[in-house]
Amino acid sequence: MPKKRSGSGLSSTQQAAKFLGVSVLAGAVMAGIALPAAGALGLAAKGSVKGFDEIPANLKSPQLSQRTTILDSKGNQIAAVYSRDRTVVDLKDISPYMQKSIVAIEDSRFYKHGAIDLKGVLRALNKNAQSGGVSQGASTLTQQLVKNYFIEEAGDDPTKVAEATQQTLGRKVRELKYAIQIEEKLGKKKILENYLNITFFGEQAYGVEAAAQRYFSKHAKDLNLQESALLAGIVQSPSRYDPVNDEAEATKRRNIVLQRMAEVGDVSQAEADRAKETPLGLHPSQPKNGCITAVHGAGFFCDYVREVFLTDKEFGKTREDRAKLWNRGGLTIRTTLDPQAQKSVQASIKDHVYKSDAVATAATVVEPGTGKILAMGQSRPYGFGKDETQINLSVNQNMGGGAGYQPGSTFKPIVAAAAIEGGKPATQEYSSPYSMMYPSPVAACDGKIWRNDTGKPEKLTNENPSEHGPYGMKEATAKSVNTYYVQLISDIGICPVTGMAQKMGVERADGRKIDQAPSIALGTQEMSPLTMANAYATFASRGMYCTPVAIESITQTVGSETKSLEVPKSTCSRAMSEKTADTVSTLLKGVVEDGTGQEAGLGSRPSAGKTGTTDKRYAAWFVGYTPNMAGAVWVGDPQHKRQMVNITIGGVPHDKVYGGQVPGPIWRDMMTGALEGKPAPDFQLVDIPDDNKNKGDDRGKGRGGNNGGDNGGRTGGIIGGLIGGPTDGGTTGDVGGTDGGAFPTPTFSLPGNFIQGQTNGGTNGNGFGGRKG
């Protein structure tokens, strides 16, 4: 028998019932009326509420989480993402059968009682008092709505969800007070509308509109009697009565709802019986949630948009605030993605690299002068299966990407830009031997000096023994001569190069600072395709760097109101003079016309770019641009394990992979499609004199002395053929020199300052030795 309070004459159950009954009859919000002492109902022990008066007076309806729609720049849907799949609809857009069926099975006295059904409360309190716990509920639709409010506010936080659903008298009392409040404030129709929009119907469907789409592929307003009864029956236990996974159990539950509708007079018994005999008639639609559903391979771009949203303070002070806004949804995000460019990128990737290949490819296209990301794709699709990945190979690690990949020689134009901006002419010539040791010391930033302190001089070589100087910048860039660019960075110092990289937005993909070492000239710092594409866009826009941007506008729907949100804008700044940028464009135009990037050429459309192949062929690149579009293509093993030697890519076997050979054609095809129908402006080119003036022929003979010509000085010819001729080119140059040799390979090491030294060759000679044998 329930315990009585000393001197009260009533049990705790009877006291609570009396209190609740008086409150309902009086229509009060119970302000100023205290619940019996906490100990009487065990609230202190079983719940988190001490007394009814201490509950906050106002319960605000939460903004219901809805799907967020991500659009491309033309307004086409890329993907729908959501924490909870929900589309809020008005009551008039919900079938009358649906309205009646949910009331019949969940709260048949809904229109007859207030916020609390006194008969149900008395019955439940008595039952719970006998069991010593909360074994039976008496929740009205209004109370269930309040409970769902608490769950909605909890979001995806498991702790908060547990608190919102805990079976305690404390929570129940709080629920009762708020139910009374919203009953008076909203009225029956609005309560029913809100309930049908917030309730979970299983299979990721929140709200009746999403449920109608999920199970029947139709709108909630079009649901018939038996379909409405099925959905109403699911609410009690979405997993148990899931019609997709257990049709028999769902049918039993549907028929219970139909019978209840007949009992309360919503339909005739004959109508109910006929409906019971019909099959469920499911026509399910698969849940389409998240970037995995994005069209045209834009899943990774979709994911990048999400990362931008979660990291930009424009959308909230803290990441938690931004995540809450994202999960609430109801956003329409218009992005910069160009559908034509995106389709072209994916088509080119599909043609050249298979998703099952040992290596992968990633490509990104941006718009010079605006920073707009126009396309982003990769050969391994967005997903969780075999040959799929969730890592965006196009972006930096902090935006959902990996640790990046060495860009190789695609970094050389940044070195060239730093040198030209600092006053070096594009005709600057260096000995550029086939093989040399890294120079040491080399000036770095803040007055520091880089030195090779390993005690083991490090050698670098060009791709082929035939590549030896002297070279000027034009030819060295076209042929991608390593030794030229190491001599160039050693001459101007490391700091101008890292400074120029920073101005162009070039940074390591893992967030670390770029190393202060001359080897950076050869692209040894891991970077992402987006970084490289946007950097080259700086050349295309004649020296203006613009930060990458993916979002053009966002509108948010809250209830029936729609408002615009502020979005991050691209910021542009001058990274170099127009002349410097034009000079680099002239150099890189030569790469696709006469150099290593010929396979990437766009025919009659002016283009410029640079190939890159890293040491041991772990990665190959082509980064290029036209005046109105820039793009980067990387090919390699994301794990940095598979060397691209004796490998088949896209069904084509390769002995060795070069930047112009695999990435180049991918770039050519993707840019051709992306630019189709668009203007074809030319670059603002500058005149760069040919590098081969006054040089010997291609046999690499020495130059030196008064009569150097094709013969050159003997010393300049021999030593020059070995190390590019940084030494004297004979005494007077009137003694014929010998050829530099077909494959000049030094068998000795020289100090760095010796490599840098370029003294006169005899009386008038310059001693630059033979070019290539």
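The rules behind each value
Position numbers for residues start from 1 in each chain and track the written sequence from start to end. With the structure being a predicted model, the display of local features is reserved for residues of pLDDT at least 70 and the display and counting of side-chain atom pairs for 80 or more, all residues being used for whole-chain, interface and lining totals. Water and hydrogen atoms play no part in the side-chain values, which are based on all heavy atoms of the structure. Helix numbering and strand numbering both begin at the N terminus, where a helix is a DSSP run of H or I of at least 4 residues and a strand a DSSP run of E of at least 2. Contact between two residues is taken to exist if any of their heavy atoms lie within 4.5 Å; hydrogens are not considered. All accessible areas in this document rest on Shrake-Rupley with a 1.4 Å probe, and a residue is counted as covered only by the protein chains that are shown. Between any two strands, pairing holds if DSSP finds at least two bridges. For helices, the axis comes from a line fit to the C-alpha atoms of the stretch in contact; other axes are also lines fit to C-alpha atoms, and the angle between any two N-to-C directions lies between 0 and 180 degrees. Put simply, a disulfide is two cysteine sulfurs that come within 2.5 Å. Each residue is placed in one exposure class: buried if its accessible area under a 1.4 Å probe, protein chains only, is under 20% of its type's maximum, exposed if it is over 50%, and partly exposed if it falls in between. To define a nonpolar core, start from buried Ala, Val, Leu, Ile, Met, Phe, Trp, Tyr and Cys residues and group those joined through side-chain atoms within 4.5 Å. Within a predicted model, pLDDT stands for the predictor's per-residue confidence, ranging from 0 to 100. For this analysis, a salt bridge means a side-chain nitrogen from Lys or Arg found within 4 Å of a carboxyl oxygen belonging to Asp or Glu. Roughly parallel covers angles under 35 degrees, roughly antiparallel covers those over 145, roughly perpendicular covers 65 to 115, and oblique covers all other angles. Crossing handedness follows the turn of the near helix against the far one: under a right angle anticlockwise gives a left-handed crossing, and clockwise gives a right-handed one. Throughout, the ten residues Ala, Val, Leu, Ile, Met, Phe, Trp, Tyr, Cys and Pro are labelled nonpolar, Asp, Glu, Lys and Arg are labelled charged, and all others, Gly among them, are labelled polar.

Before going further, it helps to examine the overall build of the chain. Each helix and strand counted, the chain has 25 helices and 20 strands in total. Within the chain, counting contacts between residues at least 6 apart in sequence, those at least 24 apart form 71% of the total. As presented, the chain carries roughly 32700 Å² of accessible surface, and 49% of it is formed by carbon and sulfur atoms.

In this section: the sheet that holds strand β18 (residues 629-636). Strand order in the open sheet formed by five strands is β5-β4-β18-β17-β16, with antiparallel pairing between adjacent strands. Bordering the open sheet on either side are β5 (373-378) and β16 (608-613), each of which pairs with just one other strand. Here the strands of the sheet are splayed against their neighbours by 5° on average, with no regard to which way each runs. Each of β4 (360-366), β5, β16, β17 (619-626) and β18 is contacted by helix α21 (residues 529-540), which is oriented at about 35° to β17, the strand it contacts most. Running at roughly 65° to β16, helix α22 (residues 578-594) makes contact with β16 and β17 of the sheet.

Here the focus is the state of the cysteines. In total, this model carries three disulfides according to the counting rule given. At a sulfur-sulfur separation of 2.1 Å, the disulfide partner of Cys291 is Cys302. Between Cys291 and Cys302, the disulfide has an S-S torsion of -70° and is therefore left-handed. Within this pair, whereas Cys291 is found in the loop between α13 (269-277) and α14 (299-311), its partner Cys302 is found in helix α14, the two being separated by eleven residues in sequence. With relative accessibility at 0%, the residue Cys302 sits in the buried group.

With that settled, the discussion passes to the environment of Lys503. Along the polypeptide, Lys503 turns up in helix α20 (residues 495-503). The class for Lys503 is partly exposed, based on a relative accessible area of 46%. The sequence separation of Lys503 and Gly543 amounts to 40 residues, and the corresponding C-alpha distance is 9.9 Å.

The biggest cluster of nonpolar side chains holds 99 residues, and the ones touching the most others in it are Tyr304, Tyr484, Met504, Phe539, Ile554 and Tyr625. Excluding anything up to four places from it in sequence, Met504 contacts Ile414, Ala535, Thr538, Phe539, Tyr545, Ala575 and Met576. Grouped together as the second largest cluster of nonpolar side chains are 53 residues, Tyr149, Phe150, Tyr178 and Ala272 included.

Our next topic: the confidence of the model for the chain. Chain-level pLDDT for the chain is 81 on average; 77% of the residues reach the 70-or-more range. This model gives residues 1-55 a pLDDT under 50, and the stretch forms 82 contacts once residues within four places in sequence are excluded. The low-confidence segment residues 693-773 (pLDDT under 50) makes 202 contacts with residues lying over four places distant or belonging to another chain.

This brings us to helix α9 (residues 188-198). Within α9, nine of the eleven residues are buried, leaving the element largely enclosed by the surrounding structure. If you check which residues of α9 are buried, you get Lys188, Ile191, Leu192, Glu193, Asn194, Tyr195, Leu196, Asn197 and Ile198.

A few words on the pattern of salt bridges. Enumeration over the complete set of coordinates arrives at 23 salt bridges. For Arg240, the salt bridge is made with Glu249, and the minimal N-O distance between the two is 3.4 Å. On the accessibility criterion, Arg240 (48% relative accessible area) is partly exposed. A salt bridge links Glu307 to Arg306; its shortest N-O distance comes to 3.4 Å. Its relative accessible area of 11% is what places Glu307 among the buried residues. On the accessibility criterion, Arg306 (30% relative accessible area) is partly exposed. Taken together, the shared-partner salt bridges in this structure form one network comprising Arg306, Glu307 and Arg319.

Before going further, it helps to examine the packing of helix α4 (residues 96-106) against helix α11 (residues 225-234). At a minimum axis separation of 8 Å, α4 and α11 run at an interaxial angle of 40°. If you check the angle between α4 and α11, you find them oblique. Of the two possible hands of crossing, α4 and α11 adopt the one that is right-handed. Residues Tyr97, Met98, Ser101, Ile102, Ile105 and Glu106 of α4 form the contact with α11, whose participating residues are Leu225, Ser228, Ala229, Leu231 and Ala232. Across the contact of α4 with α11, the residue classes break down as eight nonpolar, two polar and one charged.

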